[in-house]
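In case you want the letters, here they are:
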Amino acid sequence: MRELKNDPFLDFFRVDERFPHILCPGCGIGTTMATMVRVFLDLGIKQDELCVVSGIGCSSRVTGYLDCDTFHTLHGRALPAATGIKLARPDMKVVVIGGDGDIMAIGGNHFIHSARRNLDLTVIVVNNFTYGMTGGQYSPTTPTQERAATAPFGNVERSFNVCFIARAAGAMFVARSTTFHVAHLKKMIQLALQKNGFSVVEVISQCPTFYGRYQGLGDAVKMLEWLKTRSVDVEKVANPWSVKDRFVIGVLHDQEEVPPYSQLYQELRNRAKEK
Amino acid sequence: MILAKTGNEAFAYAMKQINPDVVAAYPITPSTEIVQLFSNYVSDGEVDTEYVPVESEHSAMTACIGAAVCGCRVMTATASQGLALMHEMLFIAAGLRLPIVMAVASRSLSSPLNIHGDHSDSVASRDSGWLQFFCETVQEGYDTLIQAVKIAERANLPALVGIDGFILSHCQERIETLEDQVVRDFLGRRKPAYNLLDWRNPILVGPATLQDYYFEFKRSEIEGMNQVLPIIEEVQAEFGRIAGRKYPVLEEYRCEDAEAVVVLMGSACGTVRVAVDRMRAKGKKVGMVKLRVFRPLVHSLLKKSLVKFKKIGVMDRVDAVNSYGGPLFTEITSVLYDTDERPWVFSYVYGLGGKEFTPEDAEMVLEQVLTGKEDELVTYVGVR
């Protein structure tokens, strides 16, 4: 048994075993992780009732730091693993956390199909617009024309809008926030966790080591200022889906709940048993 | 030119000189740097390559196949899970007889997650029909990658060139390089056996062949692989003439009058050399047989070499989990089965997940093989 700190927040982490973490100085993933844990505490989600699943990448390292059931799977494969966990234990809260490379590129297919199925879990996509762990290659969310290790003259590809895809693929709840707007981020994660169905929170996060450096955005503080000035609240725009050069933050989509996948699956099992 | 380069840098530099038509890749530790550095050559206009950063390794190999079918010279790089994700496409590349060349910075496979060097990724792809080269040094990696392009294109088979992850991929060495033009003259243009884009002669690639032709196609692929060894030797000789460096498919190191030898592949050969020297200095008759080509399996050369020794230790940097010894061990015991001499063969599994393998470990292995006292079939070197 490990020694408890008698602090619910600290006791949610494997402080003695896994810290210090491997994230670069100024990274936004720590902010996201801490905010997520504060939401778990606020909602009274117990460590025994929670499973956090991740793939591979910087954001996916989060699972290693949490003291609850966690599964660090393969690159892109967090959602299929989470599907199995949710079907085996529909009573459990399942949260997937991963980055833009993990969830939108190699795991992109799983993302749209999990949304289509309305799998009742929450996906937190930490979008820092780059593959950080492997050295700053451009990812499917890197905006067109921006520079990356694999795009020194600018990315010629078009980029994904994570929230737009989530909504189009059938997510029940879609929100966006940033690592600058911590209180707002907490609210968004809280709403997502309370939604019964496939819910997505895109967290725009700073990567000063790679993305920030390639765009000349400066250090973490400057990047946080950039997140602040680039963001606009969803209430203040006419059509959040047509805004091009700002991060529209807030609840972008919240629809009436329909029965989620695990419930439908359980009902099917019950019907089959009756026959 | 003499340069200081890591394994990844040397591979990227070789790729620049090879100047492939298409490179498609996805980042993965520890091979990311290869294509990362190569992409710099692309953006600096030093190569004519179409560089495609795809969304997964499966797509990377598929894009490579698509380009190779159109007659292009195609390369990629990957490791570990990336190679595992390519698995189904590896068979397609080989079955379509496409000479794609892949640089691999060998790394262990999950689970547990580990980013360090062992041969589980390449060896797991053993039966896919790819030629497989394992290199001892960065220099050998550079030289082999260039040769592999020519070998693959003559054999019409894809080739994988492996350096041990981190041990070589991130370790800087002094290497001697060739001039760009020398490499380009050495390789010439690819002359494809068929070309999908030859619209005057339309062809269908990849149709279903069931009981009628599948077996015959596979048999011809096998025959293609059976005929690779002379091509490798021929290309090595040609390369030796321009570079002055020669790498035998099978190298015997201080094996004259040896009573015991170990057989292995990859970077640990360098470690074993040191151990052999130390033991020879003490008057112990030990040696090393370095295998550079894992596929095709050079059974005739192995047989000819190994029957000379009484005791042989076969060292695998990978375990085939509950097979009868490591993967190279089982190959070598079957090669030696129908010989009259039937040497004693012992299996050693070492260095999984990048576990350090020191000259002292190698001495211990050589000592054990020499005394021939083995209680168990497989010895796991240095495992706690």
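Just so we're clear, the structure is a prediction, and the values are computed from it rather than from any experiment.

**Concerning the overall build of chain B**
Then, number 1: Along chain B, the regular secondary structure elements total 14 helices and 15 strands.
Then, number 2: Whereas a compact globule of 384 residues would reach a radius of gyration of roughly 21 Å, chain B reaches 21 Å, a difference of no more than 12%.
Then, number 3: With respect to the three principal axes, the spread of C-alpha positions in chain B is 65 × 50 × 45 Å.
Then, number 4: For chain B, the residues scored as buried account for 57% of the 384 residues in total.
Then, number 5: Summing over all exposed atoms, chain B offers an accessible surface of approximately 15900 Å²; the carbon and sulfur share of this is 54%.
Then, number 6: In chain B, which carries 39 positive and 51 negative side-chain charges, the distance between the mean positions of the two groups comes to 4 Å.

**Quick notes on the packing of aromatic side chains**
Residue and element names in this part refer to chain A.
Then, number 1: The final tally for this structure, using the stated rule, is 17 aromatic pairs over all chains.
Then, number 2: Ring geometry for Phe111 versus Phe198: centroids 5.9 Å apart, planes at 65°, classification edge-to-face. Taken together, the residues Phe111 in helix α5 (residues 108-117) and Phe198 in the loop between α7 (182-194) and β8 (199-204) connect sequence positions 87 residues apart.
Then, number 3: Using a relative accessible area of 0% as the deciding quantity, one classes Phe111 as buried.
Then, number 4: An aromatic cluster of at least three residues, connected via ring pairs, comprises Phe9, Phe13, Phe19 and Tyr65.
Then, number 5: Between Arg230 and the ring centre of Phe247, over which it is positioned, the NZ or CZ distance is 4.7 Å.

**Side note on the pattern of salt bridges**
All names here are of chain A.
Then, number 1: All chains considered together, the criterion is met by 34 salt bridges over all chains.
Then, number 2: For Lys186, the salt bridge identified is with Asp42, shortest N-O distance 2.8 Å. Pair noted here: Lys186 is in helix α7 and Asp42 is in helix α2 (residues 29-42), with a separation of 144 residues, a long-range link.
Then, number 3: With relative accessibility at 25%, the residue Lys186 sits in the partly exposed group.

Reading the values: rules and limits
- Residues numbered from 1 in each chain as written.
- Chains lettered and ligands numbered in written order.
- Predicted model: local features only at pLDDT ≥ 70, side-chain atom pairs only at ≥ 80, totals over all residues.
- Heavy atoms only, no water.
- Helix = DSSP H or I, 4+ residues; strand = E, 2+ residues; numbered from the N terminus.
- Rg over C-alpha atoms; globule rule 2.2 N^0.38 Å.
- Buried < 20%, exposed > 50% of the residue type's maximum accessible area, 1.4 Å probe, protein only.
- Areas by Shrake-Rupley, 256 points an atom, 1.4 Å probe, with all protein chains shown as cover.
- Lys, Arg positive; Asp, Glu negative; His and termini not counted.
- Charge placed at Lys NZ, Arg CZ, Asp CG, Glu CD.
- Phe/Tyr/Trp six-rings, centres within 6.5 Å; stacked < 30°, edge-to-face > 60°.
- Lys NZ or Arg CZ within 6 Å of the ring centre and 35° of its normal.
- Salt bridge = Lys/Arg side-chain N within 4 Å of Asp/Glu carboxyl O.

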